[in-house]
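# Report on the structure
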2 protein chains.
Amino acid sequence: MGTIGNNSHEGDHHGVNFTAQRGFYTKLKSGLKETFFPDDPFRQIKEEENRSRRIIKGVQYYVPIFEWLPNYTLRLFISDFISGLTITSLAIPQGISYAKLANLPPIVGLYSSFVPPLVYAIFGSSRHMAVGTLAAASLLIGQTISTVASPETDPTLYLHLIFTTTFVTGVFQACLGIFRLGILVDFFSHSTITGFMGGTAFILIAQQLKGFFGMKHFSTKTNLVEVAKSIITNRHEIRWETTVLGLVFLAFLQFTRHVRNKRPKLFWVSAIAPMTVVIVGSIFVYLVHGQKHGIPIVGHLDRGLNPWSIQYFNFDSKYLPAVMQAALITGVLSLAEGIAIGRSFSVTDNTPHDGNKEMVAFGLMNLFGSFTSCYLTSGPFSKTAVNYNAGGKTAMTNVVQAVLMALTLQFLAPLFGFTPLVALSAIITSAMLGLVNYTEVIYLYKVDKFDFVICMAAFLGVAFLGMDYGLMISVGLGVIRALLYVARPATCKLGKLNEFGIYRDVEQYPASTFPGLIIVQLGSPVYFSNSVYVKERVMRYIKSQQRSNEDVVEQVILDMSGVTSIDTTAIEGLLELNKMLEKNGIEMFLVNPRLEVMEKLIISKFVDKLGKESFYLTLDDAVKASQYSLKKNDNGDIVHETSHA
Amino acid sequence: MGTIGNNSHEGDHHGVNFTAQRGFYTKLKSGLKETFFPDDPFRQIKEEENRSRRIIKGVQYYVPIFEWLPNYTLRLFISDFISGLTITSLAIPQGISYAKLANLPPIVGLYSSFVPPLVYAIFGSSRHMAVGTLAAASLLIGQTISTVASPETDPTLYLHLIFTTTFVTGVFQACLGIFRLGILVDFFSHSTITGFMGGTAFILIAQQLKGFFGMKHFSTKTNLVEVAKSIITNRHEIRWETTVLGLVFLAFLQFTRHVRNKRPKLFWVSAIAPMTVVIVGSIFVYLVHGQKHGIPIVGHLDRGLNPWSIQYFNFDSKYLPAVMQAALITGVLSLAEGIAIGRSFSVTDNTPHDGNKEMVAFGLMNLFGSFTSCYLTSGPFSKTAVNYNAGGKTAMTNVVQAVLMALTLQFLAPLFGFTPLVALSAIITSAMLGLVNYTEVIYLYKVDKFDFVICMAAFLGVAFLGMDYGLMISVGLGVIRALLYVARPATCKLGKLNEFGIYRDVEQYPASTFPGLIIVQLGSPVYFSNSVYVKERVMRYIKSQQRSNEDVVEQVILDMSGVTSIDTTAIEGLLELNKMLEKNGIEMFLVNPRLEVMEKLIISKFVDKLGKESFYLTLDDAVKASQYSLKKNDNGDIVHETSHA
């Protein structure tokens, strides 16, 4: 059927383009670009013809502050100032609380809201990000470093290792950005983050029972069983005064949260609630001499700005594995959270956001942070949401936050020493309750069972095995899902919708099939991991059609329209399939191979082996040609030359 | 445009089927079937209505010997006997040589060609497989176990650990087959195996210099530098007599190989050549008192069949990690080789082959082998090829091989003790030279650079880092390739080929685009790992069209025909994309979502959010509707309600 011989006129070969061959470097360039520069970051710079303006654009690209600062107005500043004030009121209690989670001196939490926000304001691409410490990362970094240095018996070493970890995280994050490896962060799916957040909330709330009961001794393990044991063993330490105070605080915080949910305009009520709790709590404890009633407080806080910490870095090989582990995991985790939240607000507001620039900015802020007694910072969800709702318009809100924090450190720090610990527990618990997203989990269950499993793996893993394991298992399942996809790309059998004259999946539409012919749409990609599967799948379609219709299949059409990539193992596989079909007296035709696939089929001589006449541009052409040749056989005009099995 | 409201009549929504919803169990069943049972193995059994025949078919399915033995004829036996004789003549020298590679007593190599072939003959599904030991796996198993037990100072422990490893391998392989995890073997691509074979050949040949030089002391490391050092240090041990003898043997073996390549009918010349070398070598050494001239021989071999070894299994936790490592890596490796070779001959001959059954058969033969003093066996490439060429028709060849080997063990074993070691070195070297596949590497380089890298990684990794590392790096690169595919599925911009009335990639065909409209064909799958990429890619198409054509894009059509799978993160991503487009005054339409994708879009309420009128069955419908609505705007009849950025 079709034409015979090597006539090179295109029309003879059903309109298929056999000439398209890009050079190796064109392909490599395009591949690298799609992989690492999908957002085409340098286009504006390259397009600028004026040399000096090109330099300006380049600087603006790398240092976004030069992009927005020249057009900055007083009006913008007023918005940013109010927003900055709001996030600072959140930053102080959160800073102290999360530093406690990481077993760090509370003042380090305050330091961490001074230098990093300044750095982010210069290099960050997002307009809405509010920089601060993260609850989950604080707990994780603390747990990992605790395995090599005890925060109780050797707090200095512990502190120095935390700074070192922050430094490594900074270098790692900046490198990810510079080498454009944002692709790594892409592997943290929404489902993983939802589950991880839920699991973290769960263990953090369990840990807060220590604060609520005012206990002195408590399990450092996050495991539920250990926590319960610990409470029972030390039950004589429970102070009801503390518990009552804590529940009052928690009720107040939850109430303000409820107000915000009902009336979004009153978001500031919940934003300043933690600060209110801290202030009211401090005054109350001071007035009633709370410490005598067993209500522990934060304790002495020194006045003064961040001291240098660069001289404390410790790269001793004894501690390095733990430092690296903590740095890499918390580094990727905090990037995933920070980038996801920045992106979601940029979409809502149509403001700029560049994942790779964000990584560099986060890296630099942790780098400079590690020099100045700060630990890991990122863009936490809650703080950024408050910043957005408070009307912050540019990264200037972070400058405001930094300045206000500097003033606090210089003049007010000692006052916060009176904060009762139970107030911090209430603040953490309330924040964590907001992170448990039931509706999302139900949604995942309904829409995609695999996503649900990924989410639950993160949740259960974090809650019962440990935060790092939970995260790794969940990301691992995501990777397995991606690999399973590549191992078993979905194929389907096509039929014709006569009403529209088009070909569709027979399972999805009432499409009619043809006697003696099977049309299979291959899934993408056709790779080493599925070349055997594809063969078996096609053979199965043939066998099942022969069985059910008592029909002798004589031709198979493979619709390649959806196949965007192929490799050498798969090309061998297609040749083997052709061989198997030939042995069974079946002809094989290929319809519409895509550019990249066609290139490889040509170079590998596959096209020559199969014959150009076996390629068609459209399904309709292939089907018509096939029906024509089959009819001829039925009439006995031409006898099919192959034998039937 | 389109109809407004919730009119549920299908025709109103452009013929798209919004009803197709399979239940959860239907989807799960179909997913599991495609993943683990793509070959639909039980169909024939299920379809048989007669109960007793169903049992027979079931037994035949699990124990393939019952399938072919009832129809076995004398004529088949004659073919099988000749073929069995040929492979036995190969099995003896190979068995002894490869056992030496694994630092095992040579007799263990002979034992391994007795029990395992018998087991395979019962359970194996391939008709052409010839069972035997593998050079690469022998070296690898030896190297790994050497790290915990020295074959020189503690040969008994070493031997027992090898049996234990074989046992674990057998259990592991059988489990892979029973749980239908052949999908794991799918990840060993052709390129990995090519590179691994080449690398192994390289280091094995370097190791054979010991035999060629007749040296007593030699590096146990496979590293080239170590080998060179070792030769220089011990150069006084070099015996020219051995070297000359070895080169003569090698030249002879290579010559017979050349004869076979030129005249395939003379394949038997090269098949019996190793046996010839062994016999001639033994006689020569016996006659000239070779041992006095520094030509070492194999040494004493005991008469008798395989002794039991089940009592020697050693699961001491000190050795277990090495045992497990060796068992898993060599287990998967030998499956990959055995299954690939079986499959390729079954395709050539259109005979049955079932990957999962093969795994069970390989597992059982290693299991029974480990009870009877055998070590790891599989279906080696060379032996199986000889079997095929010698005209073997069924697994009976393995029975013949086993019986002849039993006779050899019982009566002739001591004679083979006179084999000069240099003969074995020549046999290994010659076999290894045949494994280096230059043409394949050049082919990979031309067709697919990534496959070339995967192949070279295996080659260089094996040659310079170690066999296990080389294998893992290469398989790892394959996995990365699969993940990269899922992270960056190829999208393209479509245009219309007016001549044919169809839509094709504008890069591949001279297709014309439409003003104010962009048609993007999405690659498959749309997953968490690429949801950000897809957004950025679509925005880039829009920006580039707006720049180059000075055209205001008002509509985007996403062709979903090729997208076979989607997850919740990606659905969120599409919603975000729609939001971004809306902000820029651009409408988004979806064309032809596939069954699985449509199901999720419906359950996730995506369809409701976007509106059914935004879905089209064909590109042509969508384009026509779009052009109609754009024209109306141009004429000022209807003003576009969204603003332009």
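Fair warning: this is a prediction, and the values are worked out from it, not measured in the lab.

### Observations regarding the overall build of chain A
Helices and strands together make up the secondary structure of chain A, namely 27 helices and 6 strands. By principal-axis analysis of the C-alpha atoms, chain A measures approximately 110 × 65 × 55 Å. Burial statistics for chain A: of 645 residues in total, 53% are counted as buried. Contacts spanning at least 24 positions in sequence make up 82% of the contacts within chain A whose residues lie at least 6 apart.

### Details of the sheet that holds strand S3 (residues 517-521) of chain B
Residue and element names in this part refer to chain B. A sheet is described by the order of its strands in space; here 6 strands give the open sequence S2-S1-S3-S4-S5-S6, paired in mixed fashion. Since the sheet does not close on itself, it has two edges, and those belong to strand S2 (502-505) and strand S6 (615-616), each with one partner. Where strand S1 (residues 492-497) lies against S3, 3 bridges are found, and the strand directions are antiparallel. Opposite Cys 492, over in S3, you have Gln 521 as the bridge partner.

### Some remarks on the environment of B:Arg22
Residue and element names in this part refer to chain B. With respect to the helices and strands, Arg 22 occurs in the segment before helix H1 (24-36). Classification of Arg 22 as partly exposed rests on a count of 14 C-beta atoms within 10 Å. A sequence separation of 577 residues divides Arg 22 from Glu 599, and the C-alpha atoms of the two residues are 7.9 Å apart. In contact with Arg 22, other than residues within four places in its own chain, are Lys 27 and Glu 599.

### Section: helix H16 (residues 355-371) of chain B
Since the α-helix packs 3.6 residues into each turn, any two residues three or four apart lie on the same face. Residue and element names in this part refer to chain B. Between the first and last C-alpha of H16 there are 25 Å, a value that for 17 residues agrees with the 24 Å anticipated at 1.5 Å per step. In terms of residue burial, H16 counts as a mostly covered element, since 15 of its 17 residues are buried. Downstream of H16 by a residue or two, Ser 373 has a phi angle that is positive, lying close to 60°.

### Some points on the domain arrangement of chain A
As far as domains go, chain A holds domain 1 (72-482) and domain 2 (489-635). Each of domain 1 of chain A and domain 2 of chain A was reduced to a C-alpha centroid, and the two centroids are 55 Å apart.

### Considering the interface of chain A and chain B
Each side of the interface is counted separately: chain A has 70 residues, and chain B has 71 residues. If you list the elements that add at least two residues to the side of chain A that touches chain B, you get helix H1 (24-36), helix H11 (190-213), helix H20 (438-447), helix H22 (467-487), strand S2 (502-505), helix H23 (531-549), helix H24 (568-583) and helix H25 (595-603) of chain A. Sorting elements by how many residues they give to the side of chain A that touches chain B places H22(A) first, with 8 residues. Class assignment for the residues of the side of chain A that touches chain B results in 28 nonpolar, 21 polar and 21 charged.

### Regarding helix H21 (residues 449-464) of chain B
Look at H21(B): 22 Å from first C-alpha to last across 16 residues, which is about the 22 Å you get at 1.5 Å a residue. All buried positions along H21(B) are accounted for by B:Asp451, B:Phe452, B:Ile454, B:Cys455, B:Met456, B:Ala457, B:Ala458, B:Phe459, B:Gly461, B:Val462 and B:Ala463. Packed against the buried residues of H21(B) are H24 of chain A together with helix H11 (190-213), helix H20 (438-447) and helix H22 (467-487) of chain B. Just past H21(B), the residue B:Gly466 takes up positive phi, approximately 130°.

### Description of the sheet that holds strand S6 (residues 615-616) of chain A
All names here are of chain A. Here we have 6 strands laid out as an open sheet, ordered S2-S1-S3-S4-S5-S6, and mixed in their pairing. Two strands in the sheet have a free side with no partner beyond their single neighbour: S2 and S6. Pairing of strand S3 (residues 517-521) with strand S4 (residues 555-559) involves 5 bridges; the strand directions are parallel. Of the residues in S4, the one forming a bridge with Ile 518 is Val 556.

### Some points on the packing of helix H7 (residues 115-123) of chain A against helix H16 (residues 355-371) of chain A
Residue and element names in this part refer to chain A. Direction vectors running N to C along H7 and H16 enclose 150°, while the axes themselves pass 8 Å from each other. The handedness of the crossing between H7 and H16 is right-handed. Each of Val 115, Pro 116, Val 119, Tyr 120 and Phe 123 in H7 lies in contact with H16, whose residues at this interface are Val 360, Ala 361, Leu 364, Met 365, Phe 368 and Gly 369. Its residues placed into classes, the contact of H7 with H16 shows 10 nonpolar, 1 polar and no charged.

### Here's the deal with unusual backbone geometry
Omega for the peptide link from A:Ser524 to A:Pro525 comes to -5°, which places this bond in the cis form. By secondary structure assignment, the location of A:Pro525 is in the loop between S3 and H23. The phi angle at A:Ser373 is positive, at roughly 60°, despite the residue not being glycine. With respect to the secondary-structure elements, A:Ser373 resides in the loop between H16 and helix H17 (381-389). Phi at B:Arg180 is positive, roughly 55°, even though this residue is not glycine. For B:Arg180, a count of 18 C-beta atoms within 10 Å puts it in the partly exposed group.

### Comments concerning the pairing of S1(B)
Residues and elements named next belong to chain B. The pairing of S1 with S2 spans 4 bridges and is classified as antiparallel. Paired with Lys 496 across the two strands is Tyr 503, which belongs to S2. In textbook terms, the turn of a hairpin is the stretch between consecutive antiparallel strands, and for S1 and S2 this stretch comprises 4 residues, one of which, Gly 501, has a positive phi near 70°.

### A look at the relation of the copies chain A and chain B
Expressed as a screw operation, the relation of chain A to chain B combines 0.0 Å of axial shift with a rotation of 180°, fitting to an RMSD of 0.1 Å. Here the copies are linked by what is in effect a two-fold axis. Of every C-alpha in chain A, the one belonging to A:Gly562 sits nearest the axis of rotation, 2.1 Å from it.

### Comments concerning the environment of A:Ala201
Residues and elements named next belong to chain A. Topologically, Ala 201 is positioned in helix H11. Look at Ala 201 and you get buried, because 24 C-beta atoms sit within 10 Å. For the pair formed by Ala 201 and Asp 468, sequence separation is 267 residues and the distance between their alpha carbons is 14 Å. Excluding its chain neighbours within four sequence positions, the residues that come into contact with Ala 201 are Met 432, Leu 433, Leu 435 and Val 436.

### Regarding the packing of helix H5 (residues 74-101) of chain A against H17(A)
Residues and elements named next belong to chain A. Between H5 and H17, the least distance of the axes is 9 Å, while the angle of their chain directions is 155°. Between H5 and H17, the interaxial angle falls into the category roughly antiparallel. Where H5 crosses over H17, the two elements pack in a sense that is right-handed. Contacts between H5 and H17 pair Ser 83, Thr 86, Ile 87 and Leu 90 from the former with Lys 383, Val 386 and Asn 387 from the latter. Of the residues belonging to the contact of H5 with H17, the class tally is 3 nonpolar, 3 polar and 1 charged.

### So, the environment of A:Ile203
Relative to the helices and strands, A:Ile203 is located in helix H11. The buried category is assigned to A:Ile203, around which 23 C-beta atoms lie within 10 Å.

### Thoughts on the confidence of the model for chain A
Residue and element names in this part refer to chain A. Counting all residues, the mean pLDDT for chain A is 87, and 95% of those residues have values of 70 or more. Confidence over residues 636-645 falls short of pLDDT 50; this stretch has 14 contacts with residues more than four positions distant or in other chains. For this predicted complex, the interface score ipTM comes out at 0.86, alongside a pTM of 0.87.

Conventions we followed
Residues numbered from 1 in each chain as written. Chains lettered and ligands numbered in written order. Predicted model: local features only at pLDDT ≥ 70, side-chain atom pairs only at ≥ 80, totals over all residues. Helix = DSSP H or I, 4+ residues; strand = E, 2+ residues; numbered from the N terminus. Buried ≥ 20, exposed ≤ 12 C-beta atoms within 10 Å, placed from the backbone. Contact = placed C-beta atoms within 7 Å. Pairing = 2+ DSSP bridges. Expected span 1.5 Å × (residues − 1). Domains from an automatic or database assignment. Nonpolar A, V, L, I, M, F, W, Y, C, P; charged D, E, K, R; others polar. Axes fitted to C-alpha atoms, helices over the stretch in contact; angles between N-to-C directions. Left-handed = near helix turned anticlockwise from the far one by under 90°. Least-squares fit on C-alpha atoms with pLDDT ≥ 70 in both. Parallel < 35°, antiparallel > 145°, perpendicular 65-115°, else oblique. pLDDT = per-residue confidence, 0-100.

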